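Per-entry structural report
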Amino acid sequence: MGKFVTIGERLSTTAPAVNKAFTERDPQPIIARAKQQLDAGAVYLDVNIGPAESDGEDLMKWAVKLLQSEFNNVPLALDTSNMKAIEAGISVYDRTNGKPIVNSADAAGRIEYLDLAAANDAICIALCNGEGLAKDNDERMMYCQTLLERGMEHGMEAEDIWFDPLFLVVKGMQDKQMQILECIKMFSDMGLNSTGGLSNNSNGMPKLIRPIMDSALVAMAMMQGLTSAIVNPNDLRLMETIKSCDIFKGNTLYADSYLEI
Amino acid sequence: MPFTAKSGKFNASINTLTIGTGDKAITLGGENVLPFYTFDAPIENAPKVGIEITDGGMENEPECIQKCYEGCTTVVDMAKAAAAMEGVEFLSLRLEGGDPNGLNKSTEELVQIVKDVAAAVDLPLVVCGCKNVEKDAELLSKAAEALDGRNALLLAAKEENYKTVGAAAGLAYKQVVGAESSVDINLAKQLNVLLSQLGVNGQSIAMNIGTASAGYGFEYVISTMDRIKAAALSQNDATLQMPIITPVASEVWGVKEAVASEADMPEWGPAEERGIDMEIETAAADLVSGSNAVILRHPASVVTISKLIKELV
């Protein structure tokens, strides 16, 4: 078993400062946020440029080149609804430290993202939902099967499809939480990799509470076999929890300084 | 279904580490497979064999070792004789005379021996301390200074003195730093982390993960080495990718099976043969478990182990 893969989520157009920097092609704020995340232990960085309909290709290329040249070919997740922009990003991507991740496909309108990942030898995040949220795990696993078959038909290795059960917000969907955890176990039993936007669970909670909920959930999810998550790596409590769980799972070898490396 | 052999090659490798300078320099590590798994991928740098001499005086050596150095009166004589022996790729000088509970030689006196030996031989040098952590901190630091430019291995920094030894050997004089733990995989990792945090380049560290003579808790040594190699290669753990060097001689030539005389133990047979057997068996087991270099004392063991390595790599 490999180490848990953290994908840093802080380079996203949903943050006004990042949005502005992307629009103006201003490298400094992007580099600063990337550095904070990598220093905190992020393995991959998610690059969410939003819909980027007009200049997505140019923007994604710019961002990939900027980040990889600045940070020793850091591996990246390319996150946009503009497929051409993802392809453009991959065309300038250096794979030294890991394949690019296509973020993301689903079992409905975005299933072609898998084809794109297959054609470009990339990893693909595969959301187990169709038109709207899955109502239960039978439905989630049906989507999982659809996505798996689609990827493999196009020549992907199963290990390059990272299944996302879609973490749900506790405030409003508390009764669904165990379902999600059980779904992760099903992926794991099938030998599949998994990931997801874990902090979704704590949306709308007070700032002080969120790291606690996120840490508890990541520990439970790792126990179920979750292999990756899209997280805020600058949440110290969360990162400490992930590193500790990696120790318990035997993914890394313990040393007294394990939190510092 | 046809059988397709799967390569056991890893996507990670052991660090490549050079000790010594010039034509005689040796290179350890670099492999991306388990020990001697040359069928999975070539092993570029075969494990290396060194010979150990000490400053402790001939009279304290087992009789069979004394015989090998007949006519030698000084440590330098021994160093020259050892360097000329078949199969010897590096020389290890153990400064056991520094032990405060033993001969308690001064650091100055010992460093002079180091200098004299360094001047007399051009083989890569390993300097081992006297096993007293305070004395070794001083001794190995001064030895690092005295060997400036020789790219020698100082064996070793321990948890108690890694700051002093690491700073002198690794930072000030750019020698190779030995990191010694005692058959404790978590401490082996921790010490590498601590040395790296001190600023020592991980590429200039060799590990002595601790050793024992075969039969003396040796299975712990083996399982520790196995797990270190597994973490280094299968988990790509950069804090454990340092090559391993194992001082076999100092353990083996202290156990009764190796040193009891035939007069005392007639049923055990000739002492020399027993000692050599113990040394060869221990070294061979260390090598197949992951040691990238072994330090031996008897010239016959050196010849046999060198031959074993040549046959396998």
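Analysis parameters
- Residues numbered from 1 in each chain as written.
- Chains lettered and ligands numbered in written order.
- Predicted model: local features only at pLDDT ≥ 70, side-chain atom pairs only at ≥ 80, totals over all residues.
- Heavy atoms only, no water.
- Helix = DSSP H or I, 4+ residues; strand = E, 2+ residues; numbered from the N terminus.
- Rg over C-alpha atoms; globule rule 2.2 N^0.38 Å.
- Buried < 20%, exposed > 50% of the residue type's maximum accessible area, 1.4 Å probe, protein only.
- Contact = heavy atoms within 4.5 Å.
- Areas by Shrake-Rupley, 256 points an atom, 1.4 Å probe, with all protein chains shown as cover.
- Lys, Arg positive; Asp, Glu negative; His and termini not counted.
- Charge placed at Lys NZ, Arg CZ, Asp CG, Glu CD.
- Pairing = 2+ DSSP bridges.
- Axes fitted to C-alpha atoms, helices over the stretch in contact; angles between N-to-C directions.
- Buried area = accessible area lost by both parts, 1.4 Å probe.
- Polar contact = N/O pair within 3.5 Å; in protein donor to acceptor, adjacent residues only side chain to side chain.
- Nonpolar A, V, L, I, M, F, W, Y, C, P; charged D, E, K, R; others polar.
- Arc of directions from axis to C-beta.
- Right-handed = clockwise from strand over helix to strand, strands pointing away.
- Core = buried A, V, L, I, M, F, W, Y, C linked by side-chain atoms within 4.5 Å.

This paragraph deals with the overall build of chain B. Within chain B, the regular secondary structure consists of 11 helices and 10 strands. In terms of overall dimensions, chain B is globule-like: its C-alpha atoms have a radius of gyration of 19 Å, near the 20 Å expected for 313 residues. With respect to the principal axes defined by its C-alpha atoms, chain B has extents near 65 × 50 × 35 Å. Relative to its full complement of 313 residues, chain B shows a buried share of 56%. Of the contacts formed within chain B by residues at least 6 apart in sequence, a portion of 69% connects residues at least 24 apart. For chain B, the accessible area works out to roughly 13,100 Å², and carbon and sulfur atoms hold 50% of it. Averaging the positions of the 24 positive and the 43 negative side-chain charges in chain B gives two centres separated by 6 Å.

Residues and elements named next belong to chain B. Along the chain, Gly50 falls in strand E3 (residues 48-54). Assessed through its relative accessible area of 0%, Gly50 is described here as buried. Sequence separation between Gly50 and Arg227 is 177 residues, and the spatial gap between their C-alpha atoms is 25 Å. Leave out the neighbours within four places in its chain, and Gly50 touches Phe90, Val294, Ile295, Leu296 and Val302.

Take unusual backbone geometry next. Geometrically, the link from Asn103 of chain A to Ser104 of chain A is a cis peptide bond, its omega value of 5 degrees lying close to zero. Position of Ser104 of chain A relative to the elements: it lies in strand E4 (residues 101-106). In the segment running from Leu155 of chain B into Ala156 of chain B, the intervening peptide bond is cis, with an omega of 10 degrees. Within the secondary structure layout, Ala156 of chain B lies in strand E6 (residues 153-157). For Asn104 of chain B, which is not glycine, the phi torsion reads 50 degrees and is therefore positive.

Before going further, it helps to examine the sheet that holds strand E1 (residues 5-12) of chain A. Residue and element names in this part refer to chain A. Taken in spatial order, the eight strands of this open sheet run E7-E6-E5-E4-E3-E2-E1-E8, and their pairing is parallel. The open sheet has two edge strands, strand E7 (193-194) and strand E8 (228-231), and neither has a second partner. Running over the sheet, helix H5 (residues 112-119) touches strand E3 (76-80), E4, strand E5 (123-127) and strand E6 (161-164) and is turned about 150 degrees from E4. Against the sheet, helix H6 (residues 137-153) touches E4, E5 and E6, its axis set at about 165 degrees to E6.

Further remarks concern the sheet that holds E6 of chain B. Residue and element names in this part refer to chain B. Taken together, eight strands build an open sheet; the order of strands is E8-E7-E6-E5-E4-E3-E10-E9 and the sheet is parallel. The sheet is open, and its two borders are formed by strand E8 (205-208) and strand E9 (245-247), each paired with just one other strand. Ignoring strand direction, the axes of neighbouring strands in this sheet form an average angle of 25 degrees. Bridge analysis of E9 against strand E10 (residues 293-296) gives three bridges, and the strand direction is parallel. Bridging from a neighbouring strand, Ile245 pairs with Ala293 of E10. With respect to the sheet, helix H2 (residues 75-83) is in contact with E3 and strand E4 (90-94), its orientation differing from that of E3 by roughly 160 degrees. Packed on one face of the sheet, helix H3 (residues 107-120) meets E4 and strand E5 (125-128) and runs near 165 degrees to E4.

Next up on the list: the interface of chain A and chain B. Between chain A and chain B, the contact holds 10 residues from the first and 11 residues from the second. Roughly 870 Å² is buried in total at the junction of chain A and chain B, and carbon and sulfur atoms are behind 53% of that figure. Our count for the contact surface shared by chain A and chain B stands at seven residue pairs in polar contact (both at pLDDT 80 or more). Residue composition of the side of chain A that touches chain B, by class: four nonpolar, four polar and two charged.

Residues and elements named next belong to chain B. Alternating residues of E10 divide into Ala293 and Ile295 and Val294 and Leu296, and every residue in both groups is buried. For E3 and E10, the ladder comprises four bridges, and the chain directions are parallel. Looking at the pairing, Ile51 lines up with Leu296 of E10.

The next subject is H2 of chain B. Among the residues of H2 of chain B, those classed as buried are Val75, Met78, Ala79 and Ala82 of chain B. Around the axis of H2 of chain B, the buried residues are gathered within 100 degrees of arc, so they sit on the same side.

This brings us to the pairing of strand E7 (residues 176-180) of chain B. On any regular strand, side chains alternate: one points to one face of the sheet, the next to the other face. All names here are of chain B. Along E7, four of the five residues are buried, which leaves the element largely enclosed by surrounding structure. Across three bridges, E6 lies against E7 in parallel orientation. When the bridges of E7 are listed, Leu154 appears paired with Val177. In the classification by handedness, the crossover that spans E6, the intervening helix H5 (residues 162-172) and the parallel E7 is right-handed. Remark: the E7/helix H6 (residues 185-198)/E8 crossover connection has right-handed handedness.

The biggest cluster of nonpolar side chains holds 80 residues, and the ones touching the most others in it are Ile53, Tyr69, Leu91, Val117 and Ile305 of chain B. Take this core: its biggest share by element is eight residues, from helix H7 (residues 218-234) of chain B. Once residues lying within four places of it in the same chain are set aside, the contact partners of Tyr69 of chain B are Ile51, Glu52, Ile53, Met58, Met78, Ala81, Ala82 and Met85 of chain B. In terms of nonpolar packing, the next biggest core, distinct from the first, is built from 63 residues, Ile31, Ala85, Ala117 and Tyr143 of chain A among them.

For the rest of this paragraph, the subject is the environment of Glu138 of chain B. Along the chain, Glu138 of chain B falls in helix H4 (residues 133-146). Remark: the alpha-carbon pair of Glu138 of chain B and Ser196 of chain B, spanning 58 residues in sequence, is separated by 21 Å.

Any link to function would need more than the numbers given here.
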